[in-house]
Amino acid sequence: MKERLIYLDILRVLATVFVIGVHTVSLAITMVEYGGTAYYVLEIFNFIFLSCNLLFVMISGALLLPVRNERTGDFFRKRFTKVVIPMVVYYILYVCAKEGIEWIYPDHWLPMLRRILTGAPVEAPHFWLVYVIIWLYVLTPLLRFITANIPDSVLSGLMAVIFLVCALDTYLPAFGVASPLGIVVDSFAGAFLLGYFVNGKCTKRQENFFLAAGVISFSVSCVLIFRTADFANYIYQNAPTMLFFSSAIFIAVKRLFAGKRSAGHFVRLISRYSYSILLIHWGVLHFVVKQVLGVNVLSGGIWGGCILMMALTLVISAAGAALLDNTLMRVLTLPFSGNGARREKKE
């Protein structure tokens, strides 16, 4: 059995905290004076926390692409059980919570299926990332074949091409040139491969380069936040600044915890339920914490309010995720996991 990489668990926890943080901070930004000190500091934290999107994708690439002997059918069965079914369940829960319980009646099943196939619901806009991850899972068998059959030198060159393509897509519009690369970049396949690269194929020298580039990218992003009104077009998502910054976080955690052999209770808990926390946290933040408990980003001052909202959202989301995963999800996924689980145990 392959040894568990604890630093990937820690990265998953960090990404989970960051995804709650970005939605808390983005809410806080709307409640402070534009151009004030608090506004700029919150925007900087927004940049830091938004690395969660790339971190989730990179962690998936780091875990899935090195696998060589897994049957394609087994792979898709696992993803269907662990990813698609929970996404569909939470999708339905969000819609029912806002529009009514009638959406679970048989006469609504076909319209619901259409809604699910069209993308993230307005009730849970953060689901866009889940759709990206599912798309990357579809590509995984092909990407496994590619990574298994190219030398490391070619893979390094591919990483350079990925950064170049992302740079062109990010900066060409600034010069009045429409980028034709958006579909490729927005697939996040480059970030998926980047996770595989920085996890196991990166040399020490390349790691040092990524760390330095991450520091520079953070500094450049801060300058853009302070100096330009349209900074969001040039520093987020697959922009080179965010790619370098996220890679630097990944490598820093990897170096700090590479020798760690066990994780604490908190890391094990949040890592185990991180996907369900990702799905449920939006409702917990905006309904349970904000409306039911009456906590907002101004409770105890802007900084105290943000920290309190993040902490409450994380704790309640983890509890809700654990409850649903061990009750409803277990029942719904049982028909799809029996034969595969027995085969894995036998092998």
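Below, the discussion takes up the overall build of the chain. When helices and strands are counted, the chain shows 16 helices and 0 strands. Computed over C-alpha atoms, the radius of gyration of the chain comes to 21 Å, within 12% of the 20 Å expected from 2.2 N^0.38 for 347 residues, which places it in the range of a compact globule. When each of the 347 residues of the chain is scored for burial, the buried share is 50%. When contacts within the chain are restricted to residue pairs at least 6 apart in sequence, those whose partners lie at least 24 apart make up 81%. If you sum the accessible surface of the chain, you get close to 17300 Å²; carbon and sulfur atoms cover 68% of it. Side chains of the chain give 29 positive and 18 negative charges; the mean places of these two sets differ by 11 Å.

Turning to the environment of Glu 3, a few remarks are in order. By the secondary structure assignment, Glu 3 is in the segment before α1 (6–29). With 258 residues separating them along the chain, Glu 3 and Arg 261 place their C-alpha atoms 8.9 Å apart.

A full pass over the atoms with the stated rule returns 10 salt bridges. Between Asp 152 and Lys 201 there is a salt bridge, and its shortest N-O distance comes to 3.6 Å. With Asp 152 in helix α7 (residues 152–171) and Lys 201 in helix α9 (residues 189–201), the pair connects residues that are 49 residues apart, well separated along the chain. Classification of Asp 152 by relative accessible area gives partly exposed; the value is 41%.

Of the voids in this model, the second largest pocket is the one considered here, and its volume is about 350 Å³. In this structure, the second largest pocket is lined by 14 residues; those nearest its centre are Tyr 94, Ala 97, Gly 283, Val 284 and Phe 287. At the level of secondary structure, the elements contributing two or more residues to the lining of the second largest pocket comprise α4 (72–99) and α14 (274–292). Sort the elements by how many residues they give to the lining of the second largest pocket and α14 lands first, with 7 residues. Across the lining of the second largest pocket, the residue classes tally to 10 nonpolar, 2 polar and 2 charged.

Taken residue by residue, the chain gives an average pLDDT of 92. The fraction at 70 or more is 96%. Under a pLDDT of 50 for its full length, residues 340–347 has, in the predicted model, 7 contacts with residues more than four places off or in other chains.

Ranked by size, the top nonpolar core spans 114 residues in total, and within it Leu 11, Phe 210 and Phe 250 carry the most contacts. Of the residues forming this core, the biggest block, 15 residues, is contributed by α1.

Scoring rules and cut-offs
In every chain, residue numbers begin from 1 and rise along the written sequence. A pLDDT threshold of at least 70 governs which residues receive local features in this predicted model, and a stricter bar of 80 or more applies before side-chain atom pairs are shown or counted, although totals over entire chains, interfaces and linings include all residues. As a rule here, side-chain values cover all heavy atoms of the structure and leave hydrogens and water aside. Each helix is a run of H or I in the DSSP string that is no shorter than four residues. Each strand is a run of E no shorter than two, and both are numbered from the N terminus. Restricting the calculation to C-alpha atoms gives the radius of gyration, and the globule rule supplies 2.2 Å times the number of residues raised to the power 0.38. Each residue gets one of three labels from its accessible area relative to the maximum for its type: buried under 20%, exposed over 50%, partly exposed in between, using a 1.4 Å probe on protein chains only. Contacts: residue pairs with any heavy atoms within 4.5 Å of one another. Accessible surface is estimated by sampling points in the Shrake-Rupley manner with a 1.4 Å probe; for residues, cover comes only from the protein chains shown. In summary, the charge assignment counts Lys and Arg as positive and Asp and Glu as negative, without counting His or the chain termini. Lysine's charge is taken at NZ, arginine's at CZ, aspartate's at CG and glutamate's at CD. The term salt bridge refers to a pairing of a side-chain nitrogen on Lys or Arg with a carboxyl oxygen on Asp or Glu at a separation within 4 Å. Here a cavity means grid points, on a 1 Å grid over the protein atoms only, where a 1.4 Å probe fits yet cannot get out; a pocket means an open set of points with protein on both sides within 12 Å along at least five of seven lines; lining residues are those with an atom within 4 Å of a point. Grid points are joined across faces, edges and corners, and a volume is the space filled by probe spheres set on the points. Under the convention adopted here, Pro, Cys and the residues Ala, Val, Leu, Ile, Met, Phe, Trp and Tyr are nonpolar, Asp, Glu, Lys and Arg are charged, and Gly plus all remaining residues are polar. Every residue gets a pLDDT, meaning the predictor's confidence in that residue, from 0 to 100. Residues belong to one nonpolar core when they are buried, are Ala, Val, Leu, Ile, Met, Phe, Trp, Tyr or Cys, and are joined through side-chain atoms within 4.5 Å.

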